[in-house]
Amino acid sequence: MPISYIIEGGDNLRGEVTVGGSQQQAAIALISALVTEESVVVRGVPNTQWIQGLIECLQFVGVSVSRKDSEVTVNAKDITTTALPANLVSKTPFSILLLGGLLSRTERVSLEVPQDNYPYDSFQFHRAVFSQGLEGDIREQDGYISIYGHISNSDIVLDYPSPRVSVQALLAVVSSPKQVTIKNVSAHPDVEFAIRTLQERGVEITEHKKGEYIVNSKGDLHGGEVMIRGDIDETVFWAVCAVHTRGELTIENVSSSDITPFLSKLTQIGVQFKLEKNSLTLWCEDIKELSPISIDIKPYPGIIPEWAGWLLILFNRINGTSTLIQTSRLDKMTYLSALKLLSMEI
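Remember, it's a predicted structure, so these values are computed and weren't measured experimentally.

Conventions adopted
Residues numbered from 1 in each chain as written. Predicted model: local features only at pLDDT ≥ 70, side-chain atom pairs only at ≥ 80, totals over all residues. Heavy atoms only, no water. Pairing = 2+ DSSP bridges. Helix = DSSP H or I, 4+ residues; strand = E, 2+ residues; numbered from the N terminus. Axes fitted to C-alpha atoms, helices over the stretch in contact; angles between N-to-C directions. Salt bridge = Lys/Arg side-chain N within 4 Å of Asp/Glu carboxyl O. Buried < 20%, exposed > 50% of the residue type's maximum accessible area, 1.4 Å probe, protein only.

### A short note on the sheet that holds strand S10 (residues 180-183)
And step 1. Read across the sheet, four strands follow the order S9-S10-S12-S11 without closing on themselves; strand pairing throughout is mixed. The open sheet is flanked by strand S9 (155-157) and strand S11 (204-209), the only strands paired with a single partner. Strand-to-strand, the axes of this sheet are offset by a mean angle of 20°, without reference to chain direction.
And step 2. Strand direction decides the pairing type here: S11 and strand S12 (residues 212-216), joined by five bridges, are antiparallel. Looking across to S12, one finds that Ile-205 is bridged to Val-215.

### Describing the pattern of salt bridges
And step 1. Tallied over the full model, the rule gives nine salt bridges.
And step 2. With a closest N to O distance of 3.8 Å, Arg-14 and Glu-248 form a salt bridge. Remark: Glu-248 occurs in strand S14 (residues 248-252) and Arg-14 occurs in strand S1 (residues 14-18); sequence separation between them is 234 residues.
And step 3. Among the residues examined, Glu-248 registers a relative accessible area of 39% and is labelled partly exposed.
And step 4. Residues Arg-127 and Glu-140 are paired through a salt bridge, measuring 2.9 Å at the closest nitrogen-oxygen approach. One end of the pair, Arg-127, is in helix H5 (residues 123-131); the other, Glu-140, is in strand S7 (residues 134-141), with 13 residues separating them in the sequence.
And step 5. Accessibility expressed as a relative area gives 30% for Arg-127, which makes it partly exposed.
And step 6. If you follow the salt bridges from partner to partner, you end up with Arg-43, Glu-71 and Glu-225 in one network.

Below you can see the structure in the form of structure tokens.
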């Protein structure tokens with residue numbers, strides 16, 4: 001039965017909201033559990049359709065997954081299959097990361113790519129990770145992408161510093177028998193989280209220089225506990241809502257260091273806010289006093305594509321001409337045509 005939401009507009013957004021745990025980081029933690037036979041406990045896991053879809057994918061391949069509220073326990077001791085059908089793959093964009101996760105554990109993985117819109121960034125960038133140094137084979141047959149073997153090349157250079165492709169590379173090289181250097185790695189907080197999580201599992205990862213990491217996983221891999229931080233995309237969404245409605249909103253469970261690039265732009269616009277530990281309070285009494293701004297959409301620590309749509313809505317309320325400059329290849333901002341139909345001047 002469809003659900004209808006009746007919204008009476010015109011009021012300022014005021015009060016307090018707590019952002020949920022990052023589903024991107026939760027997915028990384030769950031998939032990283034594949035590299036060990038020991039149990040991994042992940043706390044702060046959000047209850048979203050994409051995370052539930054990922055859990056179903058893990059259970060399908062034989063992983064034991066139990067959940068109590070926001071705590072999920074994963075044990076990947078017994079992998080029974082490494083082939084996932086399209087009806088499961090399509091349930092979550094995080095399923096693409098199972099290529100690297102399962103390959104590292106079993107040296108074989110097959111995903112049936114859905115014929116409809118599969119919501120992950122361009123597969124060519126993921127495929128390039130494996131084609132650069134795979135001792136094995138990549139096959140595309142009957143709708144399946146199948147990868148066999150392990151990474152044997154000593155260097156992997158990412159075509160584009162996408163956070164998800166960077167995580168894919170980190171997962172894929174865990175089973176490599178030699179030391180691997182990954183270059184052009186994203187600086188996104190989700191990638192930093194993936195590095196810390198794999199290090200906690202026992203993978204040796206060191207930063208050689210900015211965007212370049214050396215991975216060595218010859219040691220024993222083990223389980224442990226992981227705590228998920230607040231979702232930065234959700235934080236940005238609520239912040240924009242507060243300013244757009246000329247409200248006053250306190251956002252709790254904020255990952256303060258991760259949203260620094262966004263807060264710097266709010267400062268330039270003229271938005272008032274107070275950040276104390278994991279709490280962010282924003283207020284805007286008169287949106288007409290805010291200043292237009294020019295922003296480049298680029299990889300983190302810049303303003304990332306996921307935030308561009310919300311910023312466009314905010315810019316529509318600011319007097320003057322604001323500019324968004326798109327430099328990312330992975331986000332074509334396809335919603336622009338819809339906003340133009342709604343009379344936004346772009």
